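Geometric and topological summary
Next come the chains, spelled out residue by residue.
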Amino acid sequence: MNPYDPQELKTALGRLGFRFSKGLGQNFLISQETAREIAGQAADDPQTGILEIGPGPGSLTVQLAPLYEHIVCVELDGTLLPLLEENLAGAGNVRIISGDILKMDLPALVRDEFGGSKPAVCSNLPYSITTPVLTALLRSGCFQRITVMVQKEVAGRICASPGGKDYGSFTVLCRYYADCEILFDVAPACFLPQPKVTSSVIRLTPHPKPAEVENEKAFFRVVRAAFGQRRKTLLNALSAGLAETHTKEEVLDAIRICGFPEDIRGERLRLEDFAALAKALFPAGED
C-alpha cells in the first residue's frame, strides 16, 4: 500500500475500521518528499538508532528504514498496527511497539532497545501531546537529537527569543536542555486529513548536560511564576507566584540584586537571568 496516496490510504484505513481521532491528534503525512526530508534530518550517522513516536501508517518510517541501522516505533492506536506492519514488511531493522510513550520509562526503553547508546528521535508528533512528550524526552537525557514536526505556532514558542510575545516558560525549559531551531514549514495539504494550521519541523540538540543552575527546582519555580501572569511586571508576577515563600519586598530586593529594572517583565529575561534571579531568591539551596 502506498502511504502517500490519499485514496489508497483511505481504502486501507477503511478496511481496518479505522476512524481518525482528534484526541490522538492523528494527521497522517502523505507527502513523500516531506517525509524523505524529515528522515534525512534525523541523524548524521547511519548507525544511529531512531525512536519514532506515533508512526501511524508508516509514511515517515519507510523513509527512515533505509537510512538508519535500527528503528523503534511506538504506536498507541492498535487499529493501525496491521497497516504499519504491512507497509514495513520488508524492513527487518524496524521494531514496532504498541503502547503509550507518555507512560513508558524512557531510560529503560533506550537501554533495552538501543543497547545503552544515545538514539535520536524523529517523529510527526501528535499535536495533542507535543508539550508533555518533548518535556519527557528532554528531561530523560537519553537522546542526542530530537527532530519532530509540530504546529508552527508551537515551534515559534519553542524557538522564540527573549522579548517576543511567543517567549514563555516552555521556551525556557527547552533552552535549558537543548539548542532549538526551526528547519522548515509543512503545508496542511501534506496531511490526511488536512489540519487547519501549518506545521513546522524543528530540531532540538540536547546539551551534553543541562544549563548550569545552582538549584533546578528553584529555577523552574521562578520561571513558572514569572510567566504565570504575563501582563504583569516581573515584580508583581513573582510576588503572586511566590507568595507562600516571599514577600513583595524580598522579590524586589532580588530583582535589584540582579540589576534588573524594577518594571521589567519576565519575557525580557534570558535563561542566565532566570538562573541569577533564582539564586538571589533561593540562596543556599533553598527551594
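Placed above this text is the structure.
Cut-offs applied
- Residues numbered from 1 in each chain as written.
- Predicted model: local features only at pLDDT ≥ 70, side-chain atom pairs only at ≥ 80, totals over all residues.
- Heavy atoms only, no water.
- Phe/Tyr/Trp six-rings, centres within 6.5 Å; stacked < 30°, edge-to-face > 60°.
- Buried < 20%, exposed > 50% of the residue type's maximum accessible area, 1.4 Å probe, protein only.
- Lys NZ or Arg CZ within 6 Å of the ring centre and 35° of its normal.
- Axes fitted to C-alpha atoms, helices over the stretch in contact; angles between N-to-C directions.
- Helix = DSSP H or I, 4+ residues; strand = E, 2+ residues; numbered from the N terminus.
- Parallel < 35°, antiparallel > 145°, perpendicular 65-115°, else oblique.
- Left-handed = near helix turned anticlockwise from the far one by under 90°.
- Contact = heavy atoms within 4.5 Å.
- Nonpolar A, V, L, I, M, F, W, Y, C, P; charged D, E, K, R; others polar.
- Pairing = 2+ DSSP bridges.
- Right-handed = clockwise from strand over helix to strand, strands pointing away.
- Salt bridge = Lys/Arg side-chain N within 4 Å of Asp/Glu carboxyl O.
- Polar contact = N/O pair within 3.5 Å; in protein donor to acceptor, adjacent residues only side chain to side chain.
- Core = buried A, V, L, I, M, F, W, Y, C linked by side-chain atoms within 4.5 Å.

The subject of this paragraph is the packing of aromatic side chains. Within this structure, the stated rule accounts for nine aromatic pairs. Consider the rings of Phe219 and Phe220, whose centres lie 5.0 Å apart with planes at 80 degrees: the pair is edge-to-face. Taking relative accessible area as the criterion, Phe219 reaches 0% and is therefore assigned buried. Among the aromatic residues, those joined into a cluster by ring pairs are Tyr176, Tyr177, Phe219 and Phe220. The lysine or arginine in question, Arg139, covers the ring of Phe220, its NZ or CZ lying 5.7 Å from the ring centre.

Across the interface, helix H11 (residues 248–257) lies against helix H12 (residues 271–281) with an axial gap of 9 Å and an inter-helix angle of 135 degrees. In terms of orientation, H11 and H12 fall into the oblique class. Read as a crossing pair, H11 and H12 show a hand that is right-handed. Of H12, the residues touching H11 (which contributes Glu250, Val251, Ala254, Ile255 and Ile257) are Leu277, Ala280 and Leu281. In the contact of H11 with H12, the residues fall into seven nonpolar, no polar and one charged.

To continue, consider unusual backbone geometry. Cis geometry is adopted by the peptide bond preceding Pro193, which originates at Leu192 and carries an omega value of -15 degrees. You can see Pro193 is positioned in the loop between strand E8 (191–192) and strand E9 (199–206).

Here we come to the pairing of strand E3 (residues 70–75). Extensive coverage of E3 is indicated by the burial of five of its six residues. Examined bridge by bridge, strand E2 (residues 49–53) and E3 share five bridges and lie parallel to one another. Its bridge partner lying in E3, Ile53 is registered against Val74. As judged from the five bridges shared by E3 and strand E4 (residues 94–98), these two strands associate in the parallel manner. In the sheet register, Val74 faces E4, and the bridge partner there is Ile97. The parallel pair E3 and E4, bridged by helix H4 (residues 81–87), forms a crossover whose chirality is right-handed.

Here we come to the environment of Arg231. Structurally, Arg231 is set in the loop between helix H9 (216–228) and helix H10 (234–241). For Arg231, a relative accessible area of 80% translates into the label exposed. Taking C-alpha positions, Arg231 is 8.1 Å from Arg265, a pair spaced 34 residues apart along the chain.

Before going further, it helps to spend a moment on the pattern of salt bridges. Tallied over the entire structure, the rule returns 13 salt bridges. Among the ionic pairs, Lys152 bridges to Asp185, the shortest N-O distance being 3.2 Å. In this pair, Lys152 is assigned in helix H7 (residues 152–158) and Asp185 in strand E7 (residues 178–186), connecting sequence segments 33 residues apart. Glu212 is paired through a salt bridge with Lys209; the nearest N and O atoms lie 3.4 Å apart. A residue is classified by how much of its surface remains accessible, and Glu212, at 66% relative accessible area, is exposed.

Turning our attention to the side chain of Ser59. Position of Ser59 among the secondary structure elements: in the loop between E2 and helix H3 (61–64). Classification of Ser59 by relative accessible area gives buried; the value is 4%. Reaching out from Ser59, the side chain makes a polar contact with the backbone oxygen of Leu29 at a distance of 2.9 Å. Residues in contact with Ser59, not counting those within four places in the same chain, are Pro3, Tyr4, Leu29 and Ala35.

Further remarks concern the nonpolar core. Core analysis: the biggest nonpolar cluster contains 64 residues, and Leu51, Ile158, Phe219, Leu238, Phe274 and Leu277 have the highest contact counts within it. What Phe219 contacts, discounting residues up to four positions off in sequence, is Val172, Tyr176, Val213, Leu271, Phe274, Ala275 and Ala278. Ala43, Ile50, Ala65 and Val94 belong to the second largest nonpolar core, which has 26 residues in total.

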